[in-house]
Amino acid sequence: MNTPGIRSSRRRGSARWLSAGLAAMSLLAASCSGSSETAASTAAPVNTTPEATGGADTSAPSETPESAAPETTPVSAPDTAPEPATEVSPSAVFPDLAPPTGEEMVIGFVNSEGTPGLDFPEMRVDIEAAVDYLNRHGGMGGRPIKLETCAAKGSPETSQACAQELAGKNVELVLIGLDLFPDYPTYTAANIPVIGVLPILPGDYTANALFLTGGNATTTGAMAAVAKEHFGATTAAIVSADNPGANGTEASLTAALDIAGISHITVKGGDNETDAGYQGLMREAAKDNPDVLFSLYSDDGCIGTIRGRAALGITIPTITTAICSGKTVLDEVGDDAVGWSFIGVQTQEDTPELAILQDILAPALGVAPEEVDSTALGLGALAVIEIMSLTMYANMMQANGDAVTGASLYEFVGSAKGLTQWPSGSGIECGTAPAYPTICSFTFPVAEYQEGGKVITIAGLEAVSAKEYLP
């Protein structure tokens, strides 16, 4: 199964964690800054009173507190009032939270492991690391988290067995890592809400569940949006492997291009080609001089198509997924990547959220936090985004005085306005696309490779919407 985004990438290099959306082709997440409008819309404060933080008052003192003056020294009133404590963003508040003291919250996590081609243990390892971190920093809305994990093996029978096992453990909520065949009927019968990070197969789009990112539908919709609205394209050519996973992605892209009114051809090759083979694919795709090219290859195919385009002197703008912006790829191809744009990648910045991510993953990776390379994270970071986003929402509920349960959190995510994904700031809009009721995120940043090795967000493409072009 060669669909980009459905292959483990920690072992082979990866896309940047700061890519937003991570759809079935683009890995991970947007940088820790969305648009200013998005950031402003989610400024609901997290409760940092002693009661909400397990007894520790984590509010920052004013810069000139009254207690700063000795009691025996009379002082006149200051000319200006003390500055108020700085409000910490809900996405950055975690280090200030004390260990949770509420009732334990049992959460299930289903992920594909142990089957060739469907082995993603990093999803489980990284969400376990995030839960360990949260149990030191506020829990989920003040509740300690107990994580019950189950490994599916890429078959409906094993996914069903996981659903039955977790239902028997009385979990309040099930999170889906990567599971091809989630057993939605069992979860529904047991009144267990389901939240996933990445829909994979068509049935996921209409299931009784929510997904924090949109999979192929939103990624390919964003690709079409960039082609039409940024490059002004009316013609396009696609290069893609010829296998079931890649063919599904290509079908989704061609449907989005049809909606955009962009005529297109597709040139298909093998899962792995020689350098000459990749050059042949790029030559065939470029022969009629289309306005844009698309590459749906991943891993070594990214390297091959990037090198092939450069070797042939092709200058047609090329659009691909975040996978091809991975450090392993760019270290290999260097400035051959000039002219390539990546859906779901935003300029990396040093932010409080990045420091939190490093603190979470350092124990799992066995390194110091400052040694965690955020540009070399794989699919496991999806699981971190999932649990940290949901905990940010749970903390908002707690601050509002609402009870935090699996059911109430699911309802909140599905209906609240102004929510954003952690750490990207990408808006959460569950159910706003009627044909895809489970999808909660529709926007992507888009970056381009610049000579010298930098991948920089394209001005004006910080939040490209896929809605108009959903296939």
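Parameters and conventions
- Residues numbered from 1 in each chain as written.
- Predicted model: local features only at pLDDT ≥ 70, side-chain atom pairs only at ≥ 80, totals over all residues.
- Heavy atoms only, no water.
- Helix = DSSP H or I, 4+ residues; strand = E, 2+ residues; numbered from the N terminus.
- Salt bridge = Lys/Arg side-chain N within 4 Å of Asp/Glu carboxyl O.
- Buried < 20%, exposed > 50% of the residue type's maximum accessible area, 1.4 Å probe, protein only.
- Disulfide = S-S within 2.5 Å.
- Contact = heavy atoms within 4.5 Å.
- Expected span 1.5 Å × (residues − 1).
- pLDDT = per-residue confidence, 0-100.
- Pairing = 2+ DSSP bridges.
- Axes fitted to C-alpha atoms, helices over the stretch in contact; angles between N-to-C directions.

Q: I would appreciate a short explanation of the environment of Gly301 in the present structure.
A: Its place among the elements puts Gly301 in helix α8 (residues 300–311). Separated by 23 residues in sequence, Gly301 and Cys324 have C-alpha atoms that sit 8.6 Å apart.

Q: Would you mind going over the pattern of salt bridges with me for this structure?
A: Pairing between side chains of opposite charge can happen when their charged atoms approach one another. Applying the stated rule across the entire model yields 11 salt bridges. Linking Glu172 and Arg143 is a salt bridge whose minimum nitrogen-to-oxygen distance equals 2.6 Å. Here the residue Glu172 occupies a position in the loop between α3 (156–168) and β3 (173–176), and Arg143 occupies one in the loop between α2 (121–134) and β2 (145–152), the gap between them amounting to 29 residues. Residue classification places Glu172 among the partly exposed residues on the basis of a relative accessible area of 22%.

Q: Even after reading the chapter, I still don't get the state of the cysteines, so can you show me in this structure?
A: Throughout the structure, instances matching the rule amount to three disulfides. A disulfide bridge connects Cys150 with Cys162, and the sulfur atoms are separated by 2.1 Å. Classification of the bridge connecting Cys150 and Cys162 rests on its S-S torsion, roughly -80 degrees, and on that basis the disulfide is left-handed. Within this pair, whereas Cys150 is found in strand β2, its partner Cys162 is found in helix α3, the two being separated by 12 residues in sequence. Its relative accessible area of 10% is what places Cys150 among the buried residues. One disulfide in the model links Cys430 with Cys440; its S-S distance is 2.0 Å. Judged by the torsion about the S-S bond (110 degrees), the Cys430/Cys440 disulfide is right-handed. One end of the pair, Cys430, is in the loop between α12 (406–415) and β11 (443–444); the other, Cys440, is in the loop between α12 and β11, with 10 residues separating them in the sequence. Taking only the cysteines that form disulfides and numbering them from first to last, the protein chain has the pattern 1-2, 3-4, 5-6.

Q: Help me out: how do you make sense of the environment of Phe181 in this one?
A: The topology assignment puts Phe181 in the loop between β3 and α4 (184–189). Its relative accessible area of 31% is what places Phe181 among the partly exposed residues. When the C-alpha positions of Phe181 and Thr158 are compared, they lie 8.6 Å apart, and in sequence the two are 23 residues distant. Every residue in contact with Phe181, bar those within four places of it in the chain, is listed here: Gly154, Ser155, Pro156, Ser159 and Leu201.

Q: Got a minute to help me understand α2 in this structure?
A: In an α-helix, one turn spans 3.6 residues; hence positions three or four apart end up facing the same way. For α2, which comprises 14 residues, the first-to-last C-alpha distance of 20 Å matches the rise-based estimate of 20 Å (1.5 Å per residue) to within 8%. Listed as buried for α2 are Pro121, Glu122, Met123, Asp126, Ile127, Ala129, Ala130, Val131, Tyr133 and Leu134. Buried residues belonging to α2 abut β1 (105–112), β2, β3, α10 (352–365) and α11 (380–399).

Q: Looking at this structure, how should I read the confidence of the model for the protein chain?
A: Atom-level detail of predicted coordinates should not be read off regions where pLDDT is low. On average, residues of the protein chain carry a pLDDT of 83, and 81% of them reach 70 or more. Contacts for the low-pLDDT stretch residues 1–85, under 50 throughout, to residues beyond four places or in other chains number 230 contacts.

Q: For this particular structure, what's the right way to read the sheet that holds strand β13 (residues 454–457)?
A: Sheet strands line up and pair through hydrogen bonds in the backbone, either parallel or antiparallel. Judged by pairing direction, the sheet is mixed, and its seven strands sit side by side in the order β7-β6-β8-β9-β10-β12-β13 without closing on themselves. A strand with exactly one partner marks an edge of an open sheet, and here the two such strands are β7 (263–269) and β13. For this sheet, the mean angle separating the axes of adjacent strands, direction not counted, is 25 degrees. By the bridge criterion, two bridges tie strand β8 (residues 292–295) to strand β9 (residues 318–321) in an arrangement that is parallel. Note on β9: the bridge partner recorded for Leu293 is Thr318. Strand contacts of helix α6 (residues 244–260): β6 (235–241), β7 and β8, with the helix running at about 170 degrees to β6, the strand carrying the most contacts. Contacting β6, β8, β9 and β10 (340–343), α8 runs over the sheet at an angle of about 155 degrees to β10.

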